[in-house]
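Examining the three-dimensional arrangement
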Amino acid sequence: MAEDLDDSVRLAAFNFLAEQARLHGEWWPPVLRRDSLAAGFTFQGRRVPLLGPQGIFKPAILPALPLSITTTAPSLRKPAPYEDEFGYGYLVYRYRGTDSRHGDNVRLRAAMLERKPLIYFHGIVAGRYLAVWPVFIVGDSPGELSFQVAFDPGEHLDVPELVAEEDARRAYALRLVKQRLHQVGFRERVLTAYQRTCSVCRLRHDELLDASHIIPDGRPRGDPIIPNGLALCKLHHSAFDTNIIGIRPDLTVEVRPDVLSESDGPMLVHGLQEANNRRIWVPRSHELQPGRDRLEERYEEFRRAC
């Protein structure tokens, strides 16, 4: 009976996360707010939160084993140590404390032995987590005070036939999770630093905001760090990427002369032309502001396109 309850709660939790992802228009794995995860869902008249103050979390409704594990969000002023947390084909998840016999570590070890599926929450910034499920504890290293966690794509992904074997499927899922962490980590850190506001027009609709690289990703100094980012609405992001607008090292917007002289309705006037000579809004903290050397390099590219 207890096992039936455990399985039913886990399935309900997975369905709740899938619905949250759908409501937020996210693909797998989604980024979700901590308040909704902490509030959780109702199962047979009882509230079931999905995470708590400790990394290894068991809601009261479950008889014995944890439901989720969580990695804390890094500081905005430090790059996220994602690579340090991944081994060869799995996530390295640290024990709670240094005692392998601590109750939380014992329960997580039991989940490994019973092959129970868990939820993994990776903190992107304060209050926002990448949610991955199902994951499985596949190894225990007491000497290193850590567990090994494998990702499973489950029904979330159309896995190619070439990676149909279990180990290959998990490696495929791990690669996608790491890619997603790279993408959303940059976006969330930049938008948080800019108070989720377009730096050009001050638009605050989160679903219409992007994190733009000043130096494009893949180039030298195109790092996914806040000083190489700008929070821009989709219009100004596209305009910046295509050199319709440039941003001078003194933080002033410049609109390409041919676009500035066009006549094409109110969107052009209010969306682009009126931004000319406008100073962009940037974080107050100097270390979170766009790097002037990066802006200078990017502005020279804009000038060549004029």
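Source: prediction; values computed, not measured.

Section: the overall build of the protein chain
Looking only at helices and strands, one finds eight helices and 13 strands in the protein chain. With respect to the principal axes defined by its C-alpha atoms, the protein chain has extents near 75 × 45 × 40 Å. Considering the protein chain as a whole, with its 306 residues, one finds that 49% of them fall into the buried category. Of the contacts made within the protein chain by residues no fewer than 6 positions apart, 61% connect residues no fewer than 24 positions apart. Across the protein chain, 40 positive and 41 negative side-chain charges occur, with their mean positions spaced 6 Å apart.

Remarks on the pattern of salt bridges
One pass over the full model with this rule turns up 24 salt bridges. Residue R221 pairs with D293 through a salt bridge whose shortest N-O separation is 2.6 Å. Residue R221 is located in the loop between β10 (209-213) and β11 (229-233), and its partner D293 is located in helix α8 (residues 292-305); the two are separated by 72 residues in the primary sequence. Residue classification places R221 among the partly exposed positions, given a relative accessible area of 32%. The partner of E301 in a salt bridge is R298, with the nearest N and O atoms 3.7 Å apart. Note that E301 and R298 are positioned in helix α8 at a spacing of three residues, about one turn of the helix. Taken individually, E301 and R298 each receive the classification buried, so the pair is uniform in this respect. One connected set of salt bridges, linked through shared partners, spans R128, R187, E188, R196 and D206.

So, the nonpolar core
Counting residues in each nonpolar core, the largest one holds 47 residues, and the members touching the most others are L17, I119, F121 and F151. At seven residues, strand β8 (residues 128-141) tops the list of elements feeding residues into this core. Setting aside anything within four residues of it in sequence, one finds F151 in contact with F86, L91, Y120, V132, P134, V135, R170, A173, L174 and V177. With 30 residues, the next largest nonpolar core counts Y194, A211, A231 and C233 among its residues.

Some thoughts on the environment of A12
In this structure, A12 sits in helix α1 (residues 2-23). What makes A12 buried here is its relative accessible area of 19%. Discounting residues that sit within four places of it in the chain, A12 has contacts with F41 and F43.

Focus: the side chain of R298
Since its relative accessible area comes to 5%, R298 is described here as buried. Side chain to side chain, R298 and N243 meet in a polar contact 2.8 Å long. If near-sequence neighbours (up to four positions away) are discounted, R298 is found in contact with I214, I215, F240, D241 and N243.

Side note on the environment of R219
The residue R219 is located in the loop between β10 and β11 in this model. Take R219: its relative accessible area is 39%, and that puts it in the partly exposed class. A C-alpha to C-alpha distance of 21 Å links R219 and I244, two positions 25 residues apart in sequence. Of the polar contacts made by the side chain of R219, one reaches the side chain of E301; its length is 2.9 Å.

Description of helix α3 (residues 103-113)
Every buried residue of α3 is listed here: D104, N105, L108, R109, A111 and M112. Each buried residue of α3 sits inside an arc of 155 degrees when the element is viewed along its axis, so together they form one side. Elements in contact with the buried residues of α3: β4 (56-57), β5 (68-71), β6 (91-94), β7 (118-125), β8 and β9 (146-151). Looking one or two residues beyond α3, the residue adopting positive phi is R115, at roughly 55 degrees.

Quick look at helix α4 (residues 166-193)
Between its first and last C-alpha atoms α4 spans 40 Å; for 28 residues at 1.5 Å apiece the expected length is 40 Å, and the two agree. Count one or two residues on from α4 and you reach Q195, which has phi positive near 55 degrees.

So, the packing of aromatic side chains
Using the criterion set out here, one finds six aromatic pairs in the structure. Judged by centre distance (6.1 Å) and plane angle (70 degrees), the rings of Y194 and W281 are edge-to-face. Remark: W281 occurs in the loop between α7 (266-272) and α8 and Y194 occurs in the loop between α4 and β10; sequence separation between them is 87 residues. Judged by relative accessible area, which is 27%, W281 ranks as partly exposed. Directly above the ring of F240 sits R298, whose terminal nitrogen or CZ lies 4.5 Å from the centroid.

Digging into the confidence of the model for the protein chain
Atomic detail in the predicted coordinates should be set aside for any region of low pLDDT. Predicted confidence across the protein chain gives a mean pLDDT of 89, with 92% of residues reaching 70 or more. Under a pLDDT of 50 for its full length, residues 80-84 has, in the predicted model, ten contacts with residues more than four places off or in other chains.

So, how was this worked out
- Residues numbered from 1 in each chain as written.
- Predicted model: local features only at pLDDT ≥ 70, side-chain atom pairs only at ≥ 80, totals over all residues.
- Heavy atoms only, no water.
- Helix = DSSP H or I, 4+ residues; strand = E, 2+ residues; numbered from the N terminus.
- Buried < 20%, exposed > 50% of the residue type's maximum accessible area, 1.4 Å probe, protein only.
- Contact = heavy atoms within 4.5 Å.
- Lys, Arg positive; Asp, Glu negative; His and termini not counted.
- Charge placed at Lys NZ, Arg CZ, Asp CG, Glu CD.
- Salt bridge = Lys/Arg side-chain N within 4 Å of Asp/Glu carboxyl O.
- Core = buried A, V, L, I, M, F, W, Y, C linked by side-chain atoms within 4.5 Å.
- Polar contact = N/O pair within 3.5 Å; in protein donor to acceptor, adjacent residues only side chain to side chain.
- Arc of directions from axis to C-beta.
- Expected span 1.5 Å × (residues − 1).
- Phe/Tyr/Trp six-rings, centres within 6.5 Å; stacked < 30°, edge-to-face > 60°.
- Lys NZ or Arg CZ within 6 Å of the ring centre and 35° of its normal.
- pLDDT = per-residue confidence, 0-100.

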